[in-house]
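Structural characterization, general
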2 protein chains.
Amino acid sequence: MKLKMMYSFLNSDINIIEKELEETIQPESLLLKQASMHTLQAGGKRIRPVFVLLAGKFGQYDIHVMKNVAVALELIHMASLVHDDVIDDADLRRGQPTVKSKWDNKIAMYTGDFVFALALELMTNIEKSAAHKILANTIVEVTVGEIQQIKDKFRFNQNLRDYLRRIKRKTALLIAVSCQLGAIAAGVDEFFHKKLFRFGYYVGMSYQIIDDILDFTSTEKALGKPSGSDLLQGNITAPALYAMENDVVRAEIEKVHENMAPEEVLKIISLIKQSGAIERSYALSDRYLEKALAVLEELPENKAKKTLRDIAKYIGRRKF
Amino acid sequence: MKLKMMYSFLNSDINIIEKELEETIQPESLLLKQASMHTLQAGGKRIRPVFVLLAGKFGQYDIHVMKNVAVALELIHMASLVHDDVIDDADLRRGQPTVKSKWDNKIAMYTGDFVFALALELMTNIEKSAAHKILANTIVEVTVGEIQQIKDKFRFNQNLRDYLRRIKRKTALLIAVSCQLGAIAAGVDEFFHKKLFRFGYYVGMSYQIIDDILDFTSTEKALGKPSGSDLLQGNITAPALYAMENDVVRAEIEKVHENMAPEEVLKIISLIKQSGAIERSYALSDRYLEKALAVLEELPENKAKKTLRDIAKYIGRRKF
């Protein structure tokens, strides 16, 4: 089953979200609008809005309240991607030129700032102070993580814990908070919105580990950017970390530098694949997926819960 | 009278703010801490926290509530400076190397993001939704202004209205909001917190115009950066705009480009000074100052009001 089919009962609400996303990004400045729309239209799975809406289904769900949180979370995600592309010197994302490559780093910086500010503006429609505290705290963690990611580049003596902490801040927290804030906006009790946070956190970890695997195993066409990009940029992810347990492979991986010839990189990727690191990374992702599914069991039975289960399994097992 | 003397009765509270500023910036990441502390310790007048506190004196003033707003506004200001220095390729601010010159643009970008996130976290201690709406809306305006500033660089056919709109977003709004949020946090009525907003707005305009004058008239030592920097970076400010009303001077100003030799720039600055543009810029600043003082008259008489009057006059008339 395709991802979109899983939440087809939300289709009309998802359309409202899409419309709201476009309408939000209508600043006076044409340049800013172009740069923001460019990011918006590059697409993406809109997985955070979907989690917001599904979590809201555990409480008093009103799309006109929920949409503020759903759009805000997607905008925060977009803003972080725009800033990320500056850090990664990325020219392509989802097969499209990035803001920083189409314009420049400065425009990308302020486009990110602007999109983020729009998200904050939307969130002020939610008059629940717990939601704001959780979100602000998450954003602090995310920015700390972003600096850590720069420091960890090409640091070959890092371990799996460093990696897990990094992806927590980079991905899992914002997905966890999407679930939690969706629930809070719908008036869900603390006991359950904390469970939804845990669910989102585990799904987010599983999701990012798979993403990091696909960077090694998928094709340029499917990724929308060259495969092996992470390693070449010095982002040491789970497959590389597992592979480095073998001293011979480690010695090769440690040779990686930004200007390495593509055929050299391909050789190293091939070594990593042969080392069993991909399978071990899938097993790591699976452990998070299992935890996500277990937390879900503690929530009341309803259609949203079934959908969250389907999405988690889809995300945690996708091979492309 | 020196600026600090004007609000000496706030000294113990200002010390609390300074301590809180330092304590807030204590992240896990040493690099982030260093970059943030560097910005913090570069100093500055802390004029926004002072406005927050003084505005709070019109209501129920509790320093343990007020400090959240005061520190948040200073952090937002700091964050915007760190991002500004990336845009301006500035190597010096207040005589100190900027984050972007001491580290690099990427670190500067995320340091700004981090400091801004800390500000949001502090603001969540203020459980007044009006405050959050006003702040979020202001931040949207500020980011739109930042993009506009990039677009307006070296655009010699702009007019005074473009300039005024730019400095509104760049400076005046955040000072206006410092006054307004200080008042809101202290429970001041809408009628009066809107007056305080107007006061801050006019003072902010006056302040920035003077700043832009000083860039032409002051010394490198006093500015902490070479004089004439604005023009050289393509920032067309009030003195240049007035001077361009003379076609001969305009023709010279339009020759300015980023790699112009310093002696050439000095010649043009000298032309601008001779054109009467400095005096006209002072008169422009004065008009805003007068408006600020007039709004202030509509507020209840107290020590804070007297101090705001003194500060406004000091700011609007400083010649160095």
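Above this text you will find the structure in question.
Now for a quick tour of the structure. Remember, it's a predicted structure, so these values are computed and weren't measured experimentally.

**Here's the deal with the overall build of chain A**
Counting secondary structure elements, chain A contains 17 helices and two strands. The C-alpha atoms of chain A give 19 Å as radius of gyration, which agrees with the globular expectation for 320 residues (20 Å, within 12%). Taking the principal axes of the C-alpha coordinates as reference, chain A spans close to 55 × 50 × 35 Å. Looking at the 320 residues of chain A, the share that counts as buried comes to 61%. Long-range pairs, those at least 24 residues apart, make up 75% of the contacts in chain A with a sequence separation of at least 6. Only carbon and sulfur atoms are counted for the fraction: they give 51% of the accessible area of chain A, which is about 12,900 Å². Within chain A, the 42 negative side-chain charges are centred at a point lying 4 Å from the centre of the 45 positive side-chain charges.

**Brief notes about the relation of the copies chain A and chain B**
Turning chain A through 180° and shifting it by 0.0 Å along the axis lays it on chain B, with an RMSD of 0.0 Å. In short, the pair behaves as if placed about a two-fold rotation axis. In terms of C-alpha distance to the rotation axis, chain A has Met109(A) as its closest residue, with the C-alpha 3.4 Å off the axis. Counting the interface residues of chain A, we find that 100% of their copies in chain B are interface residues as well, pointing to one common contact surface.

**Section: the interface of chain A and chain B**
Contacts between the two partners involve 43 residues from chain A, matched on the other side by 43 residues from chain B. Approximately 3,800 Å² of surface area, both sides summed, lies buried where chain A meets chain B, with 68% of it carried by carbon and sulfur atoms. Of all residues in chain A, Lys106(A), Tyr110(A) and Ile147(A) give up the largest surface area on contact with chain B, accounting jointly for 18% of the area buried on that side. Our count for the contact surface shared by chain A and chain B stands at 14 residue pairs in polar contact (both at pLDDT 80 or more). Secondary structure elements with two or more residues in the side of chain A that touches chain B: α3 (30-41), α5 (63-87), α7 (105-123), α8 (129-152) and α9 (160-185) of chain A. The element contributing the most residues to the side of chain A that touches chain B is α8(A), with 14 residues.

**Focus: the packing of helix α10 (residues 190-217) of chain B against helix α16 (residues 277-297) of chain B**
Residues and elements named next belong to chain B. Two numbers describe how α10 lies on α16: the axes approach to 8 Å, and their chain directions differ by 160°. The angle between α10 and α16 places the two elements in the roughly antiparallel class. Pair α10 / α16 crosses with left-handed handedness. When its residues are assigned to classes, the contact of α10 with α16 shows 17 nonpolar, four polar and three charged.

**Considerations on empty space enclosed by the protein**
Taken as a whole and judged by the stated rule, the model has five cavities of 30 Å³ or more. The space that makes up the largest cavity amounts to roughly 200 Å³. For the largest cavity, the lining is made up of 14 residues, of which Leu120(A), His132(A), Leu120(B), Thr124(B) and His132(B) are closest to its centre. At the level of secondary structure, the elements contributing two or more residues to the lining of the largest cavity comprise α7 and α8 of chain A together with α7 (105-123) and α8 (129-152) of chain B. A breakdown of the residues in the lining of the largest cavity according to their chemical character gives ten nonpolar, four polar and no charged.

**Quick look at the packing of aromatic side chains**
Taken as a whole and judged by the stated rule, the model has eleven aromatic pairs over all chains. With centroids separated by 5.9 Å and ring planes inclined at 75°, the aromatic side chains of Phe116(A) and Phe116(B) adopt a geometry described as edge-to-face. Of this pair, Phe116(A) sits in helix α7 while Phe116(B) is found in helix α7, placing the two residues in two different chains. Among the aromatic residues, ring-to-ring pairing joins Tyr201(A), Tyr202(A) and Tyr288(A) into one connected group. Positioned above the aromatic ring of Tyr61(A), the side-chain terminus of Lys57(A) is 3.7 Å from the ring centre.

**Some details on the packing of helix α9 (residues 160-185) of chain B against α10(B)**
All names here are of chain B. Put simply, α9 and α10 touch, their axes get as near as 7 Å, and they point 140° apart. With respect to α10, the axis of α9 lies oblique. Here the hand of the crossing between α9 and α10 comes out right-handed. Residue composition of the contact of α9 with α10, grouped by class: 18 nonpolar, six polar and four charged.

**Re α7(A)**
With 19 residues, α7(A) should cover 27 Å at 1.5 Å per step; its first-to-last C-alpha distance of 27 Å lies within 8% of that length. Across the 19 residues of α7(A), 16 count as buried, placing the element largely inside the fold.

**Quick look at the pattern of salt bridges**
Residues and elements named next belong to chain A. Applying the stated rule across the entire model yields 40 salt bridges over all chains. A salt bridge links Glu74 to Arg46; the shortest N-O distance between them is 3.2 Å. Residue Glu74 is found in helix α5, and its partner Arg46 is found in the loop between α3 and α4 (47-56); the two are separated by 28 residues along the sequence. Arg46 shares its class with Glu74; the two are buried. One salt-bridge network, held together by shared partners, links Asp152, Arg155, Asp162, Arg165 and Arg166.

Reading the values: the criteria
Residues numbered from 1 in each chain as written. Chains lettered and ligands numbered in written order. Predicted model: local features only at pLDDT ≥ 70, side-chain atom pairs only at ≥ 80, totals over all residues. Heavy atoms only, no water. Helix = DSSP H or I, 4+ residues; strand = E, 2+ residues; numbered from the N terminus. Rg over C-alpha atoms; globule rule 2.2 N^0.38 Å. Buried < 20%, exposed > 50% of the residue type's maximum accessible area, 1.4 Å probe, protein only. Contact = heavy atoms within 4.5 Å. Areas by Shrake-Rupley, 256 points an atom, 1.4 Å probe, with all protein chains shown as cover. Lys, Arg positive; Asp, Glu negative; His and termini not counted. Charge placed at Lys NZ, Arg CZ, Asp CG, Glu CD. Least-squares fit on C-alpha atoms with pLDDT ≥ 70 in both. Buried area = accessible area lost by both parts, 1.4 Å probe. Polar contact = N/O pair within 3.5 Å; in protein donor to acceptor, adjacent residues only side chain to side chain. Axes fitted to C-alpha atoms, helices over the stretch in contact; angles between N-to-C directions. Parallel < 35°, antiparallel > 145°, perpendicular 65-115°, else oblique. Left-handed = near helix turned anticlockwise from the far one by under 90°. Nonpolar A, V, L, I, M, F, W, Y, C, P; charged D, E, K, R; others polar. 1 Å grid on protein atoms, 1.4 Å probe; cavity = no way out; pocket = protein on both sides within 12 Å on 5 of 7 lines; lining within 4 Å. Points joined across faces, edges and corners; volume = space filled by probe spheres on them. Phe/Tyr/Trp six-rings, centres within 6.5 Å; stacked < 30°, edge-to-face > 60°. Lys NZ or Arg CZ within 6 Å of the ring centre and 35° of its normal. Expected span 1.5 Å × (residues − 1). Salt bridge = Lys/Arg side-chain N within 4 Å of Asp/Glu carboxyl O.

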